[in-house]
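Here is how the chains run, residue by residue.
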Amino acid sequence: MIGVGCLEEGAFVTRQIFIRDFSEERAALQYLADMLAAKTFLVSFNGKAFDVNLLAARYILNRLVNPLDGLPHLDLLFPSRRLCGYRLENARLVTLERELFGLYRKDDIPGSEIPARYFFWLRRRDPRLIADIFRHNRLDVLTLAALTIHLSELIVPCPIGSRTADPRDLLAAARLLKDRNKDRQAADLLGTLTACDHPSSRLESQKMLSLILKRGGEWEKAILLWEALLRENP
């Protein structure tokens, strides 16, 4: 099964390509290639280590042109770890959707059981064996879309007071921007955090912002922050 989601005419549409038997693999890969022909980038979760490499191998074995080759690829596993993973027990997709969005999957099939379930399907052809797989796969795609929006909103500037994300995540986003030498964007984000209700995030944001201001020659603003830090933390 290959699950795909994309924006079409203002709606997010999911499609699932299911190979009913091994003989249909080539047709499924060609269908995926046709579907991706007009796409300009790929978003995945752990796709760089698994999905893309697996599909590349199947395209080679079926002597087909790989539509993913050269396509810009954003693997959300890495920014998820960088921005949110430090406060979560792990960076699995189901953990992220539970902790970030408050979503709990009911009666969801564990991913480790899916291969065996598919082999049972090949022998018995009982659709009840794969219904759970369709649901699991579609939820993964929907969560991927929600995660893309969430992580983007941590980075993209927005009006002061309109951010509802965890201050610790926003601080991690500011640190990422600073490490990428995007001081102005980092400073804008840190400015919203200097008055947040999370004590450690507020302290760290004040420290980081003061150093950015110092590096930019804005000494008066930096001094005001240092004086505020001394008053709050003598």
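Residues numbered from 1 in each chain as written. Predicted model: local features only at pLDDT ≥ 70, side-chain atom pairs only at ≥ 80, totals over all residues. Heavy atoms only, no water.

(A) Looking closely at the overall build of the chain. Across its full length, the chain carries 10 helices and 4 strands. Counting from the amino terminus, helix and strand elements in the chain follow one another as β-β-α-β-α-β-α-α-α-α-α-α-α-α. Expected size for 234 residues packed as a compact globule is a radius of gyration near 17 Å; at 23 Å, the chain overshoots this value by more than 25%. Principal-axis analysis of the C-alpha atoms gives the chain an extent of 70 × 35 × 30 Å. The buried share of the chain, taken over its 234 residues, is 37%. (Helix = DSSP H or I, 4+ residues; strand = E, 2+ residues; numbered from the N terminus. Rg over C-alpha atoms; globule rule 2.2 N^0.38 Å. Buried < 20%, exposed > 50% of the residue type's maximum accessible area, 1.4 Å probe, protein only.)

(B) Inspection of the packing of helix 4 (residues 93-101) against helix 6 (residues 128-155) at higher detail. Where helix 4 contacts helix 6, the axes come no closer than 10 Å and their chain directions differ by 55°. Here helix 4 is positioned oblique relative to helix 6, judged by the angle of their axes. When you trace helix 4 past helix 6, the crossing you get is left-handed. Note on element contacts: helix 6 touches helix 4 through D140, T143, A146, L147 and H150, opposite L93, L96, E97, L100 and F101. Its residues placed into classes, the contact of helix 4 with helix 6 shows 6 nonpolar, 2 polar and 2 charged. (Axes fitted to C-alpha atoms, helices over the stretch in contact; angles between N-to-C directions. Parallel < 35°, antiparallel > 145°, perpendicular 65-115°, else oblique. Left-handed = near helix turned anticlockwise from the far one by under 90°. Contact = heavy atoms within 4.5 Å. Nonpolar A, V, L, I, M, F, W, Y, C, P; charged D, E, K, R; others polar.)

(C) The arrangement of the environment of A146 in detail. Here A146 lies in helix 6. A relative accessible area of 29% places A146 in the partly exposed class. Counting along the chain gives 38 residues from A146 to R184, while the straight-line C-alpha distance between them is 27 Å.

(D) Here's a closer look at helix 9 (residues 199-215). Here helix 9 contains 17 residues, and its C-alpha end-to-end distance of 25 Å stays within 8% of the 24 Å for a straight helix at 1.5 Å per residue. Taken residue by residue, helix 9 has S201, R202, S205, Q206, M208, L209, S210, I212 and L213 as its buried positions. Elements in contact with the buried residues of helix 9: helix 7 (167-179), helix 8 (183-193) and helix 10 (219-232). Remark: G217 follows helix 9 within two positions and exhibits a positive phi of approximately 80°. (Expected span 1.5 Å × (residues − 1).)

(E) Spatial organisation of the environment of V65. As for its position among the elements, V65 is in the loop between helix 2 (51-61) and strand 4 (73-75). The exposure class assigned to V65 is exposed, which follows from its relative accessible area of 72%. Remark: the alpha-carbon pair of V65 and R135, spanning 70 residues in sequence, is separated by 30 Å.

(F) Structural view of unusual backbone geometry. Although it is not a glycine, N46 sits at a positive phi angle of roughly 65°. Here N46 lies in the loop between strand 3 (42-44) and helix 2. Here N46 falls in the partly exposed class, since its relative accessible area comes to 30%. Backbone geometry at D107 places phi at a positive 55°, although glycine is not the residue there. What makes D107 exposed here is its relative accessible area of 67%.

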